[in-house]
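Chain residues, written in single-letter form:
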Amino acid sequence: MTLFPEVNDWRAGMQDVSAAIDETMAEAVIVTPVRSGGVNFPKIPEPEKAITVAAVFMAKAETVVMGENMGKIHSGHVVSPLVSTRKPVFTFDHRVLPWPLKQGYRIKLCRTGETFEVKDVKSDSVARITADVVQLGRESGAPWWE
């Protein structure tokens, strides 16, 4: 006896959810693998292996405390300055990439020309891959407000 008899395969259901996420929110990105540049050298992008796929880009607003002991004393407590920033992240349907996404890979957001480096990759083990990234740069000529 199953808990939800109307649902035969929850993984298939989650695949449908992932497809719906991509259908409503995804945009074109270029994913470029990298190879090792050697010990203590930066990774080398391999543009000949780059692919264009659909991914969801989000840049959640975040407030960061700058320093432990910086700032003014207010009512006997040290108040550290707060800085607003964003935490960019990409999510992919696990079926769109022909190889595993790894730390150091580059992701270019086609809409803006911004380029990001993958810092951490997480999988929900069902349908989606999340890549925490840091921004590297933007193509020249792209407006600063995008």
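Residues numbered from 1 in each chain as written. Predicted model: local features only at pLDDT ≥ 70, side-chain atom pairs only at ≥ 80, totals over all residues. Heavy atoms only, no water.

Asker: Mind laying out the pattern of salt bridges, listing which residues take part and the relevant values?
Answerer: Within this structure, the stated rule accounts for ten salt bridges. Note that Arg 106 is salt-bridged to Glu 117, the shortest N-O span being 3.7 Å. In this pair, Arg 106 sits in strand 8 (residues 106-109) while Glu 117 sits in strand 9 (residues 114-123), placing the two residues eleven residues apart along the sequence. Taken as a pair, Arg 106 and Glu 117 share a single burial class, namely buried. Here Lys 122 and Asp 120 are joined by a salt bridge, their closest N and O atoms 3.5 Å apart. Asp 120 gets classed as partly exposed once you look at its relative accessible area, which sits at 35%. Overlapping salt bridges bring together Arg 35, Glu 46 and Lys 49 as one network. (Salt bridge = Lys/Arg side-chain N within 4 Å of Asp/Glu carboxyl O. Helix = DSSP H or I, 4+ residues; strand = E, 2+ residues; numbered from the N terminus. Buried < 20%, exposed > 50% of the residue type's maximum accessible area, 1.4 Å probe, protein only.)

Asker: Let's hear about the environment of Glu 114: which residues, and what values?
Answerer: Inspection of the secondary structure puts Glu 114 in strand 9. Since its relative accessible area comes to 3%, Glu 114 is described here as buried. Taking C-alpha positions, Glu 114 is 9.9 Å from Val 29, a pair spaced 85 residues apart along the chain. Engagement of the side chain of Glu 114 in a polar contact is seen with the side chain of Thr 112, the distance being 2.8 Å. (Polar contact = N/O pair within 3.5 Å; in protein donor to acceptor, adjacent residues only side chain to side chain.)

Asker: Residues and numbers for the environment of Thr 85, please.
Answerer: Mapping Thr 85 onto the fold places it in strand 7 (residues 82-93). With relative accessibility at 37%, the residue Thr 85 sits in the partly exposed group. The spatial distance from the C-alpha of Thr 85 to the C-alpha of Val 64 is 7.2 Å, given a sequence separation of 21 residues. Filtering out sequence-adjacent residues up to four positions away, Thr 85 remains in contact with Lys 60, Ala 61, Glu 62 and Val 64. (Contact = heavy atoms within 4.5 Å.)

These results come straight from atomic positions and should not be treated as a statement about function.
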